Amino acid sequence: MNKREKVTIYEVGPRDGLQYESQFFPTEQKIKLVDLLADAGLTRIEVTSFVHPKAVPALSDSAQVMAGIKKRPGVTYSVLVPNMKGCEGALASQADEFALFVSASQTHNQKNVAMSLEDSLKGFTEIARLALEAGRTLRGYVITAFGCPHEGAVPLDSVRRILDVYAELGVREASLGDTTGMANPPQVKDMVRRLLEAYPGMGLAAHFHDSRGLGLVNSYAAFEAGIRVFDSSIGGLGGCPFAKGASGNIPTEDTVNLFEEVGLDTGVDFDKLLKAGQLVKEVLDAELASNTSKSGRPNWQPSGEETNHC
Ligand code: ZN
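Small disclaimer: the values here were computed from a predicted structure and weren't measured.

> Describe the overall build of the protein, and please don't skip the residues or the numbers.
Of the regular secondary structure elements, the protein holds 12 helices and eight strands. Taking 19 Å as the expected radius of gyration for a compact globule of 310 residues, we find that the protein reaches 18 Å, a close match to that expectation. Over its C-alpha atoms, taken along the principal directions, the protein stretches across nearly 55 × 40 × 40 Å. By the burial criterion, 54% of the 310 residues in the protein qualify as buried. Taking all contacts inside the protein whose residues are at least 6 apart in sequence as the whole, residues at least 24 apart take part in 74%. Here the protein has roughly 13,300 Å² of accessible surface; of this, 51% comes from carbon and sulfur atoms. For the protein, the centre of its 31 positive side-chain charges and the centre of its 39 negative side-chain charges are spaced 2 Å apart.

See below:
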């Protein structure tokens, strides 16, 4: 049997997803969720954000969550680091990777973090130095990389300007964020191809939102253009409070299903993944946005049970 090509799913639900939930997801349930996600075979998990508790009350327990999870060998646990204060918290935690973020659009960056994107980038220098010195790795988000709800089209040069800084700082992977779901497949292919060519030394990941139902098609377009790391969120949790109408991240269940369905290896145990989704559903008492969590175990994973009722 041929060895299947691998794709990596970077789980953002506990951070990108839960940060927008109005009801507080209890700390012990967050810890349980992260452990279930790791148990399902996800090897990269963004656990929380060391953001000011007043800015994002939903993640005010970041230190406790990081202290409570059972770290599994082979899993990289990341945390979002918005500023120096957050960096201190992250350094004191057992996080393996620090994730930085900036918008490719000036207006969105102002609205998101109340500073110019130049100031955001400047602020990363010290954080990156401290992180690398402490043996942690760096990931960098480029938010609104495919379009901005305020400014419209985002020139490729705006994205490149950020990637140049990330490369200098020692960021090992940049994640291209379609924060408000404005991307389309040909645009994704074109942009990804150009960026992969321009930054051969830097890993690129794709981070799609499903605001207009194009999240998975865009992911596949990014795959065809050469990306092998995909951000997704358990149950499709998440949104963007600063961009009206922007709905959640692409659901991890559906993303895993897509790639397994076309013969790629995600390394994820789908039944265990459903368990993690079930926890989210129970705690939030809400329907999940993922399709495959409703339709049950897909065909690509042989099952003893009959699941194909039409
Ligand atoms: Zn997102």
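> Any details on the packing of aromatic side chains? Residues and values, ideally.
How two aromatic rings sit relative to each other is set out by the distance from centre to centre and by the angle between their planes. Counted by the stated rule, this structure contains five aromatic pairs. Summarising the aromatic geometry, the rings of Phe 124 and Tyr 166 are spaced 6.1 Å apart at their centres and angled 25° between planes, so their arrangement reads as stacked. Of this pair, Phe 124 sits in helix α6 (residues 117–133) while Tyr 166 sits in helix α7 (residues 156–169); the two residues are 42 residues apart in sequence, bridging distant segments of the chain. When the ring centre of Tyr 10 is taken as origin, the NZ or CZ atom of Arg 139, which lies over that ring, is 3.4 Å away.

> Give me the lowdown on the sheet that holds strand β3 (residues 76–80), citing residues and values where you can.
With respect to topology, eight strands assemble into a closed barrel ordered β1-β2-β3-β4-β5-β6-β7-β8, the strand pairing being parallel. For this sheet, the mean inter-axis angle between neighbouring strands, taken without regard to orientation, is 25°. In this structure, strand β1 (residues 8–11) lies alongside strand β8 (residues 229–232), joined through four bridges in parallel fashion. When the bridges of β8 are listed, Glu 11 appears paired with Ser 232. Strand contacts of helix α2 (residues 27–39): β1, β2 (44–49) and β3, with the helix running at about 170° to β2, the strand carrying the most contacts. Sheet strands touched by helix α5 (residues 106–113): β4 (97–103) and β5 (137–143). Its angle to β4, the strand with the most contacts, is close to 125°.

> Break down the packing of helix α8 (residues 185–198) against helix α9 (residues 215–224) for me, with residues and values.
When two helices pack together, their arrangement is given by the angle between the helix axes and by the axis-to-axis distance. Running from N to C, α8 and α9 point in directions that differ by 30°, and their axes come no closer than 8 Å. Of the two elements, α8 crosses α9, and the hand of that crossing is right-handed. Where α8 approaches α9, its residues Pro 185, Val 188, Lys 189, Val 192 and Arg 193 are matched on the opposing element by Val 217, Asn 218, Ala 221, Ala 222 and Glu 224. Its residues assigned to classes, the contact of α8 with α9 shows six nonpolar, one polar and three charged.

> Summarise the packing of α5 against α6; cite the residues concerned and give the values.
In the contact formed by α5 and α6, the axes pass within 9 Å of each other and the chain directions differ by 65°. Contacts from Gln 106, Asn 109 and Val 113 of α5 reach α6 at Leu 117, Glu 118 and Ser 120. Among the residues forming the contact of α5 with α6, the class breakdown is two nonpolar, three polar and one charged.

> Before we move on, can you summarise the pattern of salt bridges with the specific residues and values?
Enumeration over the complete set of coordinates arrives at 22 salt bridges. Residues Arg 4 and Asp 265 are paired through a salt bridge, measuring 3.5 Å at the closest nitrogen-oxygen approach. Of this pair, Arg 4 sits in the segment before β1 while Asp 265 sits in the loop between α10 (252–261) and α11 (270–284); the two residues are 261 residues apart in sequence, bridging distant segments of the chain. Judged by relative accessible area, Arg 4 falls into the partly exposed class, the value being 35%. We note a salt bridge from Arg 44 to Glu 97, for which the minimum N-O separation is 3.1 Å. Here Glu 97 lies in strand β4 and Arg 44 lies in strand β2, a separation of 53 residues in the sequence. A single network of salt bridges, built from pairs that share partners, joins Arg 44, Glu 97, Arg 139, Arg 172, Glu 173 and Asp 231.

> Give a detailed account of the nonpolar core, specifying residues and quantitative values.
Counting 87 residues, the largest nonpolar core has Val 159, Leu 163 and Tyr 166 as its most contacted members. A total of seven residues in this core trace back to one element, the largest contributor, which is α6. With near-sequence residues (within four places) excluded, Val 159 lies in contact with Ala 104, Val 142, Ala 145, Val 154, Leu 176, Met 191 and Leu 195.

Conventions and cut-offs
Per chain, the residues get numbers from 1 upward, laid out in the order the sequence is written. Thresholds applied to this predicted model are a pLDDT of at least 70 for local features of residues and 80 or more for the giving and counting of side-chain atom pairs; totals over whole chains, interfaces and linings are not thresholded and use all residues. Where side-chain values are given, they derive from all heavy atoms of the structure, hydrogens and water being excluded. Runs of H or I in DSSP of at least four residues are treated as helices and runs of E of at least two as strands, each being numbered from the N terminus. The globule rule used here is 2.2 Å times the number of residues to the 0.38 power, and the radius of gyration it is set against is calculated over C-alpha atoms. With a 1.4 Å probe rolled over the protein chains alone, any residue whose accessible area is under 20% of its type maximum counts as buried; one over 50% counts as exposed, and the rest are partly exposed. By definition in these notes, contact holds between two residues if any of their heavy atoms fall within 4.5 Å. The Shrake-Rupley method, run with a 1.4 Å probe sphere, supplies the accessible areas, and residue values consider only the shown protein chains as cover. A positive count includes Lys and Arg, and a negative count includes Asp and Glu. His and the chain ends are not counted in either. Taken as the charge location is NZ of Lys, CZ of Arg, CG of Asp or CD of Glu. Centres within 6.5 Å are what make two rings of Phe, Tyr or Trp a pair, Trp counting through its six-membered ring; a difference in plane orientation under 30 degrees is then read as stacked, over 60 as edge-to-face, and the rest as tilted. A ring has a charge above it when a Lys NZ or an Arg CZ is no more than 6 Å from the ring centre and no more than 35 degrees off the ring normal. Any two strands with at least two DSSP bridges between them are considered paired. For helices, the fitted line uses only the C-alpha atoms of the stretch in contact; every axis is such a line through C-alpha atoms, and the angle between N-to-C directions lies from 0 to 180 degrees. Helix crossings are classified by the rotation of the near helix relative to the far one: an anticlockwise turn of less than a right angle makes the crossing left-handed, while a clockwise turn makes it right-handed. Residues are sorted three ways: Asp, Glu, Lys and Arg are charged, Ala, Val, Leu, Ile, Met, Phe, Trp, Tyr, Cys and Pro are nonpolar, and all the rest, Gly among them, are polar. Salt bridges are identified by distance alone: a Lys or Arg side-chain nitrogen within 4 Å of an Asp or Glu carboxyl oxygen. By nonpolar core we mean a set of buried residues, namely Ala, Val, Leu, Ile, Met, Phe, Trp, Tyr and Cys, connected to one another through side-chain atoms within 4.5 Å.

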